[in-house]
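Residue strings, one per chain:
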Amino acid sequence: MVDNFTIAQAMTIKVDARLPAMPAFQPGIRRAPSRGFTLTQAQTEIALKNALRYVPEEHHPLLADEFLTELLTYGRIYAYRYRPQGRIYGKPVHDYQGSCLEGKAFQVMIDNNLDFDVALYPYELTTYGETGQVCQNWLQYLLIKKYLDAMTQYQTLVVESGHPLGLFPSKPDAPRVIITNALMVGMFDNQADWEIAEQMGVANYGQMTAGGWMYIGPQGIVHGTFNTLLTAGRQRLGIAGDGDLRGKLFVSSGLGGMSGAQSKAMEIANGVGVIAEVDFSRIKTRLDQGWITTFSPDLAEVFKLAAIHQHKGEPISIAYHGNIVDLLEYAVKNNVPIDLLSDQTSCHVAYSGGYCPQGITFEERTALLASDRAEFTALVDKSLRRHFELIRMLVARGVYFFDYGNSFMKAVYDSGVREISKNGIDEKEGFIFPSYVEDIMGPELFDYGYGPFRWVCLSGKEEDLIKTDQAALSCIDPDRRGQDRDNYIWIKDAQKNKLVVGTKARILYQDAEGRQSIALKFNAMVRMGEIGPVMLGRDHHDTGGTDSPFRETANIKDGSNVMADMATQCFAGNAARGMSLVALHNGGGVGIGKAINGGFGLVLDGSERVDAVIKSAMLWDVMGGVARRSWARNANSIATCAEFNKNYAGQGHITLPYLPAEKLVKDLVGQAFRNLGQ
Ligand SMILES: NC(=O)c1ccc[n+]([C@@H]2O[C@H](COP(=O)([O-])OP(=O)(O)OC[C@H]3O[C@@H](n4cnc5c(N)ncnc54)[C@H](O)[C@@H]3O)[C@@H](O)[C@H]2O)c1
């Protein structure tokens, strides 16, 4: 049997042998609730051994005790002792050590994901979405950073569910980092087995850009939310193509990681937003950032203020400090004229703390989670059932409700409400209310290839961000399509709207051609020394990045919405074409087993090598998704792919579907089933 001395000698990249002092926890920083401890004795032993494999044997007696206490208390081993002291944040790229630019650039991205100002629970490595983590624990964080320091252009770092497996010989035009998170074998791909794997320290919930290291704060979702609300207004409220949401009232919940974008997006769209939030610390964060105008725990006051601004046609975003279900009780009772209604509590992890039930405060929810999970679960179910009833009453009065990609309808279904499913039996055919992708974002954006393209100016300089905004603006023709006009206005006003939280980043929905031309322009600017290096990426929540039947692929109607081929191909294709980082995850924004999603990062260093990557990978990343949507017979995608076949003749070609007459199929199948006696 090999001994620990030999093992230590056999590694040059490893966690330091020195035992760090336990760092102090800064007061006022949000902390994750207990995730619950449910392991058996045998599993607990393995979990402990798993955590101890990162550290030299001499520390095992002390750390075994410490890690076991963490596991029993929090349901996780975070290895708090190994968290570096003080604030972590994305510094200018050249402040990092590293043997290649990518190695430094990814450290900027990781540290930004853990910034006190950006992350939801920074001490628990959770960036957003209640459980979305960069990696599982601080030992992994330290080791990943050591590998990124050492990595050269001839190596690729492999990260499996937060664990840095190692650096492997590679080549400059291969990815520098390949990440997978929470990919479980089919028969174990469910919440219960997942929770065991996570407690045992072999699985990480990367959500999307948390574990994919591409989060840019709530700005990342503001543009998509702005597009969604505007498009919903145009579709359902009769607003003109060039109009905005002046005088309209949007009600929702959540001012957290991504949900915090709702208030800002509504204000940018010139409308009135009322957002319920149970956790005052999140209201405070959004107030300090200027992303909400005011707050109140008094619903009469909230809706009076909303009505005044609706009447004057002036924008305002108001946080209601309280439960969304209480707000809806009030709205139903007092006939509040809501125009658009949604929900953005973390229902994808409703029973782990993502949804605060009606009747208890946020603080009581945190205590109950630790003391009595069965009681907590029962309260969540009761609250979700009431939540559903109230929405149904409002919808009957003409309010447009849509699910906002947070698994709300699935959570209601799981709470025992069968009526929310379309077929009244199971959830396989979807739900009675529309989801924002199914009705809005899918047909109007994803089907054309418009998605959440983003970049980070790695120099950390404001002037670089201003220059990139202007360069991106010059690449958009506002007269091409309505979407281009919206995007043009978005980027023109981006500085004014003060969207940056954390690194100097920007979100801009773009289609394949737009992303490619902006990327080439930025890379040329880096080459000319006009700006420092840039990290390009996107949310996984995109045209081709995510297979998720109730969200990103909710408007895929050929039966293939249950398949995960697209996201997997997208990931593999991006790796083959040399993106700097590729990531593939299970779960994402909707929960384990419900989505496969992936993303990328591309470091623009000004080289011609990177120009070549942009030309092949950027187009593939988007058009692979549009091609699949087209094959599912989505009209806007078919048109986009036909255009691609014309514009890229000789370079690329997409198979298009022939469309049979509906009547032919209906009549023939109807006859066949009559013959079968059904
Ligand atoms: N809109 C989008 O485009 C989009 C994209 C991705 C994900 N999502 C989904 O949206 C959800 C929210 O994401 P997040 O990052 O903001 O999560 P988060 O956990 O940071 O924020 C959710 C917020 O809801 C609050 N909350 C919970 N129950 C409440 C209740 N009953 N009443 C009022 N407030 C309540 C919480 O205190 C929290 O601040 C997730 O399920 C996520 O997957 C949305």
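Shown above is the structure to which this text applies.
Residues numbered from 1 in each chain as written. Predicted model: local features only at pLDDT ≥ 70, side-chain atom pairs only at ≥ 80, totals over all residues. Heavy atoms only, no water.

What follows covers the packing of helix H7 (residues 219–236) against helix H8 (residues 261–268). When two helices pack together, their arrangement is given by the angle between the helix axes and by the axis-to-axis distance. For the pair H7 and H8, the least separation of the axes is 8 Å and the interaxial angle reads 55 degrees. Between H7 and H8, the angle falls in the class oblique. Of the two elements, H7 crosses H8, and the hand of that crossing is right-handed. Along the contact surface, H7 presents Ile 221, Val 222, Thr 225, Phe 226 and Leu 229, while H8 presents Ala 261, Gln 262, Lys 264, Ala 265, Met 266 and Ile 268. Residues belonging to the contact of H7 with H8 are distributed by class as follows: eight nonpolar, two polar and one charged. (Axes fitted to C-alpha atoms, helices over the stretch in contact; angles between N-to-C directions. Helix = DSSP H or I, 4+ residues; strand = E, 2+ residues; numbered from the N terminus. Parallel < 35°, antiparallel > 145°, perpendicular 65-115°, else oblique. Left-handed = near helix turned anticlockwise from the far one by under 90°. Contact = heavy atoms within 4.5 Å. Nonpolar A, V, L, I, M, F, W, Y, C, P; charged D, E, K, R; others polar.)

With that settled, the discussion passes to the site of the ligand. As a structural note, the neighbourhood of the ligand is formed by 33 residues, with Ser 259, Glu 277, Arg 282, Ser 346 and His 348 the closest of them. Here Tyr 436 contributes a side-chain N or O atom positioned 3.4 Å from an oxygen atom of the ligand. For the ligand, an oxygen atom lies 2.8 Å from a polar atom in the backbone of Gly 589. Taking 850 Å² as the accessible area of the ligand by itself, protein coverage stands at 98%. Placement of the ligand is best described as lying within the largest cavity. Across the shell around the ligand, the residue classes break down as 11 nonpolar, 17 polar and five charged. (Near = heavy atom within 4 Å. Polar contact = N/O pair within 3.5 Å; in protein donor to acceptor, adjacent residues only side chain to side chain. Areas by Shrake-Rupley, 256 points an atom, 1.4 Å probe, with all protein chains shown as cover. 1 Å grid on protein atoms, 1.4 Å probe; cavity = no way out; pocket = protein on both sides within 12 Å on 5 of 7 lines; lining within 4 Å. Sits in = over half its atoms within 2 Å of the grid points.)

Our focus in this paragraph is the nonpolar core. Counting residues in each nonpolar core, the largest one holds 136 residues, and the members touching the most others are Val 177, Trp 213, Trp 455, Phe 522 and Leu 536. Here this core gets seven residues from one element, more than from any other, and that element is helix H5 (residues 138–150). With sequence-adjacent residues up to four places away left out, Phe 522 is seen in contact with Trp 455, Thr 468, Ala 471, Ala 472, Ile 531, Val 534, Leu 536 and Leu 604. Ile 316, Leu 369, Val 412 and Phe 433 belong to the second-largest nonpolar core, a separate cluster that totals 46 residues. (Core = buried A, V, L, I, M, F, W, Y, C linked by side-chain atoms within 4.5 Å. Buried < 20%, exposed > 50% of the residue type's maximum accessible area, 1.4 Å probe, protein only.)

Here we take up the pairing of strand S7 (residues 272–277). Within S7, six of the six residues are buried, leaving the element largely enclosed by the surrounding structure. A two-sided burial pattern is seen for S7, the buried positions comprising Val 272, Val 274 and Ala 276 on one face and Gly 273, Ile 275 and Glu 277 on the other. Looking at chain direction, strand S6 (residues 249–253) and S7 are connected through five bridges and run parallel. Within the sheet, the bridge partner assigned to Val 251 lies in S7 and is Val 274. With H8 bridging S6 and its parallel neighbour S7, the resulting β-α-β unit is right-handed. By the bridge criterion, six bridges tie S7 to strand S9 (residues 316–321) in an arrangement that is parallel. Among the inter-strand pairings, Val 272 is bridged to a residue of S9, identified as Ile 316. (Pairing = 2+ DSSP bridges. Right-handed = clockwise from strand over helix to strand, strands pointing away.)

Attention shifts here to the pairing of strand S17 (residues 596–604). Most of S17 sits inside the fold, with nine of its nine residues counted as buried. Across the two faces of S17 the burial is the same, with Ile 596, Gly 598, Phe 600, Leu 602 and Leu 604 and Asn 597, Gly 599, Gly 601 and Val 603 all buried. Relative to S17, strand S14 (residues 534–538) runs antiparallel, the two sharing four bridges. Bridged to Leu 536 within S17 is Leu 602. Direction of pairing for strand S15 (residues 546–547) relative to S17: antiparallel, over a ladder of two bridges. The partner of Asp 547 across the bridge, within S17, is Ile 596. The pairing of strand S16 (residues 581–586) with S17 spans six bridges and is antiparallel. Opposite Asn 586, over in S17, you have Ile 596 as the bridge partner.

Okay, the packing of aromatic side chains next. One pass over the structure, following the stated rule, counts 25 aromatic pairs. With a centroid separation of 5.1 Å and 90 degrees between ring planes, the pair formed by Phe 25 and Tyr 80 is classed as edge-to-face. Of this pair, Phe 25 sits in the loop between helix H1 (4–9) and helix H2 (41–52) while Tyr 80 sits in the loop between helix H3 (60–74) and helix H4 (101–113), and the two are 55 residues apart along the sequence. Note on Tyr 80: relative accessible area 4%, which makes it buried. For the pair Phe 644 and Tyr 648, a centre-to-centre distance of 4.8 Å together with 25 degrees between the ring planes defines the contact as stacked. Across the pair, exposure class does not vary: Phe 644 and Tyr 648 are buried alike. Following the ring pairs from residue to residue traces out a cluster consisting of Phe 25, Tyr 74, Tyr 78, Tyr 80, Phe 116 and Tyr 123. (Phe/Tyr/Trp six-rings, centres within 6.5 Å; stacked < 30°, edge-to-face > 60°.)

A word on the sheet that holds S6. Spatial ordering of the open sheet is given by S8-S9-S7-S6-S10-S11, a layout of six strands whose pairing is parallel. The open sheet has two edge strands with one neighbour each: strand S8 (294–296) and strand S11 (400–401). In terms of strand pairing, strand S10 (residues 340–341) meets S11 through two bridges, oriented parallel. Of the residues in S11, the one forming a bridge with Leu 340 is Tyr 400. The sheet strands contacting helix H10 (residues 299–312) are S6, S7, S8 and S9, and the helix crosses S9 at an angle near 170 degrees.

What follows is about the pattern of salt bridges. What the rule picks out here adds up to 39 salt bridges. Across the pair Asp 447 and Arg 629 runs a salt bridge whose closest N-O atoms are separated by 3.3 Å. Of this pair, Asp 447 sits in the loop between helix H15 (436–444) and strand S12 (451–457) while Arg 629 is found in helix H20 (residues 608–631), placing the two residues 182 residues apart along the sequence. Each member of the pair Asp 447 and Arg 629 is classed as buried. The shortest N-O distance in the salt bridge between Lys 496 and Asp 493 comes to 3.9 Å. Judged by its relative accessible area of 61%, Lys 496 falls in the exposed class. With a relative accessible area of 18%, Asp 493 lands in the buried category. Taken together, the shared-partner salt bridges in this structure form one network comprising Arg 480, Arg 481, Asp 484 and Asp 511. (Salt bridge = Lys/Arg side-chain N within 4 Å of Asp/Glu carboxyl O.)

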